[in-house]
Amino acid sequence: MPKRKDLKSILIIGSGPIIIGQACEFDYSGSQALRSLREDGIETVLINSNPATIMTDPSMADHIYLLPLNTKSIVKVLKKHPTIDAVLPTMGGQTALNLCIEAGDKGIWDDFGIEIIGVDIDAINITEDREKFRELMLKIGIGMAPQSTATSFLEGKEIAQEFGFPLVIRASYTLGGAGASIVYKPEDFDELLSRGLEISPIHEVMIDKALMGWKEYELELLRDKNDNVVIICTIENMDPMGIHTGDSITVAPAMTLSDRTFQRMRDMAIHMMRSIGDFAGGCNVQFAVSPDEKEDIIAIEINPRVSRSSALASKATGYPIAKIAAKLAIGYSLDELENQITKSTSALFEPTLDYVIVKIPRWNFDKFEGSDRTLGLQMKSVGEVMGIGRSFQEALHKATQSLEIKRNGLGADGKGYKNYDQIISKLTIPSWDRVFVIYDAIQLGIPLSRIHEITKIDMWFLKQYEELHFLEKEISKYTIESLPRELLLEGKQKGFADRQIAHMLDCYESEVHKKRVALKINRVYKLVDTCAAEFKAMTPYYYSTFEEEIETPDGQRFVSNDSVVTDRKKIVVLGSGPNRIGQGIEFDYCCVHGVLAAAECGYETIMINCNPETVSTDFDTADKLYFEPVFWEHIYDIIRHENPEGVIVQLGGQTALKLAEKLDKYGIKIIGTSFESLDLAEDRGSFSTLLQENNIPYPEFGVAESAEEALDLADELNFPLLVRPSYVLGGQGMKIVINKEELEEHVVDLLRKIPNNKLLLDHYLDGAIEAEADAICDGKEVYIIGIMEHIEPCGIHSGDSNATLPPFNLGEFVMQQIKDHTKKIALALNTVGLINIQFAIKDDMVYIIEANPRASRTVPFIAKAYGEPYVNYATKVMLGEKKISDFNFNPKLEGFAIKQPVFSFNKFPNVNKNLGPEMKSTGESILFIDSLKDDEFYELYSKRKMYLSK
């Protein structure tokens, strides 16, 4: 039983839709907290408006309310559950905390007799109010940068005059660095000061003297009610001060911190945590360290809650911070809890890493045309990846291979910059691809001292880069035949992919792989065990590396491998990689359910993914987790090692689908819909032939491979035209064009960005209604799980549309066509599993826009709206364990559910906010209404054409 006997029922506030600055790390922390509390027999009540997450799955909490995150909803839930004793607001990011504070200010918690646990609101107020925080730090003897608070424009101007430039402006009570900026020149100050004051909910900014070039570190702490404190992880930002930690490349454990300074930093962090209040839970502290021998330490900020960094620290160390923080909130102490990984030691110990992790953010600037791509104090990335290796170099390479930006690692792929001025400019102005540009600079012969002077990145990191460059030069002297074994092994140990080595040797990737296998240079798998192998670990959480053979006294040679292969039948689920616009948390939801369903069917489940924010990379979701890039070479080696029955690709979005062709080519079984069918749906020519054979109408279209072909086609098809590349997700590169000039410009641009691609030109059905259907098919029967009608007209990407379930004004005749077409297409494509089909409806005729025989963005939304576990059913169908007729479908929905997109345009103030065929939303929420007379529906419907851009 929990140490506090009086807590029987707890309310958890979720983080709502995914936005830049608050991503799915809170789905992970919320899910862990819910599971943790239920283990102790506590009733859990969750309020969250995000339908795409695991957290809002019926299996996660006793009572789930998919309601807007506001105080009105809180009151509604509290009235319905008078037994709730306490609220835990630290698992839902800044959204949950702000809502908790607002409810407190309105007296709601007092009215219902609710206690706030896991956080001290006074502590939050101290850390968010930068003036109070500064006073407290100075009182306890912790250094801070010279700073002052301004609550008016005039005050701000006076402070700037006193400090001089460069300056940092930070808005109080905001998330993800909103409203923060570095000001180098007096002429930029007025506008940025006004913006900061405007964005802050209390119209207050803190102005600091900028510590440009100082090194930045983060410590992740946990503390219990008895004041035991453990430091879970030390994270070093490779980028110096001036770039938001969410946009920085980070490394754990810290690489360039002397032990003496680390001990001082530790003491300061514990001192700071104790001084801000008496609370039990997680805490993140950020420091700046001067880059000289003195190593002066200055406190930047402290967050007394679980954060993005704690999700990263959990995955980096294997120590489940959110799970333990939830236990501490209900009164346990650290020494009473067990280490979740070893199961034999207590949670009151500090993890030891015998490997290195590198996190690289994933940006989506291409979605925000005209956006300022400079990285600074305001976070702009939409996701992140993490690489684990035995060295910084290996981890860095694995992280760059995980990003899915068509790079094979650092350099050695023919995609680097060669122009001196361009390289210097990209080093000077921190950009999203600076991690690659440093390597290009070294290749060009720019001295390390110059790179250090421009970027202020520590010399140790730059020397690591230089070593990789020297190794590439050395390997390039050989051919595939003459390359010595020790050089190939060193290349692999430092993280170079087979593709990169093939590029250096001017041969094929398959030849490098063949040579590697012949020379017995194989990947070995190591455990992430929290304790550097001092104790036996019980959780199967692995990363790969390369090791030299060990020779035993009796002459046996072997390489030590922690991943023991069982004789059970196995299924691999390919994860969805880093979050980005067009591929979000919905696919992680699908992957997790796929894993759970396969386990129910008696399979050993194997998850491969590299996203540190998600539930799929939790060490106890699948039977085995390989925290590896979703990159062909890594996947193929795992499959060779594990020998599974097959691989599920249709749940992981485009990331997993892209690998279907390779899997098929190498004779690896794809579970569910075959590669031929997946490919047929993507290839517009073959797909239209299939539609023709089945008498299903579709907009007139043509395929072009050059601007000339596109212009000829335009004469036949008539404008407006919808232009799009094939094999992309989230409408990437899609545009509606209305004349030949626009067409030519867009086609030339697309072929430059995505060479050798086929472009599809459709006649755009102006003024059509758009609808979509999701269905499950077992090859013989089709069950439609949901039909949605978009409130916006055809031409706005389905991910950016408000969609209603069921449709609100499609007649019986149209609905019948949608049902007939869906069934015909699913069967004609030999679908086994899920399929999503999109329709345009004009003059009561239903045309097919596209079909995707895979999990779609809308499946979790339909599952939540109807209260049915559709991904579970679909996975069992894919595995051949069940047929459609075996399920008792019983969808329940009174009224309508509306999927509402959420945008993060506020991060890019100067960007055109028009919507079109390319997706721009970062997340979504669900809204339930009883009838179409509801004011909220009326408001959405009246605005439906406002943002349509041609």
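Residues numbered from 1 in each chain as written. Predicted model: local features only at pLDDT ≥ 70, side-chain atom pairs only at ≥ 80, totals over all residues. Heavy atoms only, no water.

A few points about the overall build of the protein
- When helices and strands are tallied, the protein shows 31 helices and 35 strands.
- A globule of 950 residues ought to have a C-alpha radius of gyration of about 30 Å, and the protein, at 28 Å, matches this closely.
- Taken along the three principal axes of its C-alpha coordinates, the protein extends 80 × 75 × 60 Å.
- Put simply, the protein has 950 residues, and 65% of those count as buried.
- A separation of at least 24 residues holds for 70% of the contacts in the protein among residues at least 6 apart in sequence.
- Within the protein, one finds 102 positive and 141 negative side-chain charges whose respective centroids are separated by 2 Å. (Helix = DSSP H or I, 4+ residues; strand = E, 2+ residues; numbered from the N terminus. Rg over C-alpha atoms; globule rule 2.2 N^0.38 Å. Buried < 20%, exposed > 50% of the residue type's maximum accessible area, 1.4 Å probe, protein only. Contact = heavy atoms within 4.5 Å. Lys, Arg positive; Asp, Glu negative; His and termini not counted. Charge placed at Lys NZ, Arg CZ, Asp CG, Glu CD.)

With respect to the sheet that holds strand 9 (residues 205–209)
- Here we have four strands laid out as an open sheet, ordered 6-9-7-8, and antiparallel in their pairing. The open sheet has two free edges, formed respectively by strand 6 (147–150) and strand 8 (181–183), since each of these has just one partner strand. Neighbouring strand axes in the sheet, compared pairwise and without regard to direction, differ in orientation by 25 degrees on average.
- Judged from the five bridges that link them, strand 7 (residues 167–171) and strand 9 form a sheet pairing that is antiparallel. Counterpart to Ile169 in the pairing with strand 9 is Ile207.
- Set on the sheet, helix 6 (residues 130–139) makes contact with strand 6, strand 7 and strand 9; between it and strand 6 the angle comes to about 150 degrees.
- Along the sheet, helix 7 (residues 153–163) contacts strand 6, strand 7 and strand 9; its crossing angle with strand 6, the most-contacted strand, is approximately 165 degrees. (Pairing = 2+ DSSP bridges. Axes fitted to C-alpha atoms, helices over the stretch in contact; angles between N-to-C directions.)

Thoughts on the pairing of strand 26 (residues 721–725)
- Within strand 26, five of the five residues are buried, which leaves it mostly tucked inside the rest of the structure.
- Burial along strand 26 is two-sided: the residues Leu721, Val723 and Pro725 and Leu722 and Arg724 are all buried.
- Bridging between strand 26 and strand 28 (residues 759–763) involves five bridges; their strand directions are antiparallel. Its bridge partner lying in strand 28, Leu722 is registered against Asp762.

Quick notes on the pattern of salt bridges
- Tallying each qualifying case throughout the model produces 51 salt bridges.
- Here Asp239 ties to Arg434 by a salt bridge, and the two come within 3.2 Å at their closest N and O atoms. Taken together, the residues Asp239 in the loop between strand 11 (229–237) and strand 12 (250–252) and Arg434 in helix 14 (residues 434–444) connect sequence positions 195 residues apart. When sorted by exposure, Asp239 lands in the same class as Arg434, which is buried.
- Measuring nitrogen to oxygen at the nearest pair gives 2.8 Å for the salt bridge that ties Lys740 to Asp715. Of this pair, Lys740 sits in helix 27 (residues 740–753) while Asp715 sits in helix 26 (residues 707–717); the two residues are 25 residues apart in sequence, bridging distant segments of the chain.
- Residue classification places Lys740 among the partly exposed residues on the basis of a relative accessible area of 33%.
- It is possible to trace a salt-bridge network through shared partners that takes in Arg35, Glu39, Asp40, Lys323, Lys327, Asp618 and Asp620. (Salt bridge = Lys/Arg side-chain N within 4 Å of Asp/Glu carboxyl O.)

Describing a negative patch on the surface
- A cluster of acidic residues, Glu700, Glu705, Glu708, Glu709, Asp712 and Glu716, forms a negative patch at the surface.
- By the secondary structure assignment, Glu709 is in helix 26.
- By relative accessible area, which is 40% here, Glu709 ends up partly exposed. (Patch = residues over 30% accessible without salt bridge, like charges linked within 9 Å, V, L, I, M, F, W, Y side chains within 5 Å. Areas by Shrake-Rupley, 256 points an atom, 1.4 Å probe, with all protein chains shown as cover.)

Digging into the confidence of the model for the protein
- Mean pLDDT for the protein: 90, with 97% of residues reaching 70 or above.
- The secondary structure element of the protein with the lowest average pLDDT is strand 20 (residues 557–558), at 80, and the one with the highest is helix 30 (residues 870–878), at 98. (pLDDT = per-residue confidence, 0-100.)

Some remarks on the environment of Pro430
- Summarising the element assignment, Pro430 is placed in the loop between helix 13 (420–428) and helix 14.
- Residue Pro430 is classed as buried on the basis of its relative accessible area, which comes to 19%.
- Excluding residues that lie within four positions of it along the chain, Pro430 makes contacts with Ile243, Arg373, Thr374 and Leu375.

A closer look at helix 30
- Of all the nine residues making up helix 30, nine are buried; the element is thus mostly covered by neighbouring parts of the structure.
- Of the positions making up helix 30, those classed as buried are Tyr870, Val871, Asn872, Tyr873, Ala874, Thr875, Lys876, Val877 and Met878.
- As for helix 30, its buried residues are in contact with helix 20 (585–600), strand 24 (646–648), strand 29 (769–778), strand 30 (782–793), strand 32 (832–842) and helix 29 (859–866).
- Where helix 30 terminates, the next one or two residues include Gly880, which has phi positive at roughly 75 degrees.

Regarding the pairing of strand 18 (residues 541–545)
- In terms of residue burial, strand 18 counts as a mostly covered element, since five of its five residues are buried.
- Residues Tyr541, Tyr543 and Thr545 line one face of strand 18 and the alternating positions Tyr542 and Ser544 line the opposite face, and both faces are buried.
- Relative to strand 18, strand 17 (residues 524–527) runs antiparallel, the two being bridged by four bridges. Note that in strand 18 the partner of Val524 across the bridge is Thr545.
- When strand 18 meets strand 23 (residues 624–627), the two strands line up parallel, connected through two bridges. Bridge pairing in strand 23 links Tyr542 to Tyr626.

A short note on the sheet that holds strand 30
- Sheet architecture is open: seven strands sit in the order 33-32-29-30-31-34-35, paired in antiparallel fashion. The open sheet has two edge strands with one neighbour each: strand 33 (845–852) and strand 35 (923–929). Each adjacent strand pair in this sheet contributes to an overall mean axis angle of 25 degrees, direction not counted.
- Summarising the sheet, strand 31 (residues 803–805) and strand 34 (residues 896–902) pair through three bridges and their orientation is antiparallel. From the neighbouring strand, Leu805 faces strand 34, where its bridge partner is Ala897.

With respect to the environment of Lys327
- As for its placement among the helices and strands, Lys327 is situated in helix 11 (residues 321–329).
- Residues Lys327 and Ile825, 498 residues apart in the sequence, show an inter-C-alpha distance of 50 Å.
- Look past the residues within four positions of Lys327 in its chain and what remains in contact with it is Ser36, Glu39, Asp40, Tyr332 and Leu337.

Here's the deal with the side chain of Glu404
- With respect to the helices and strands, the residue Glu404 is situated in the loop between helix 12 (392–402) and helix 13.
- Among the polar contacts listed, one links the side chain of Glu404 to the side chain of Arg580, at a separation of 2.8 Å.
- Not counting residues within four places of it along the chain, the set of residues in contact with Glu404 comprises Arg362, Ser576, Gly577, Pro578, Arg580, Thr655 and Lys658. (Polar contact = N/O pair within 3.5 Å; in protein donor to acceptor, adjacent residues only side chain to side chain.)

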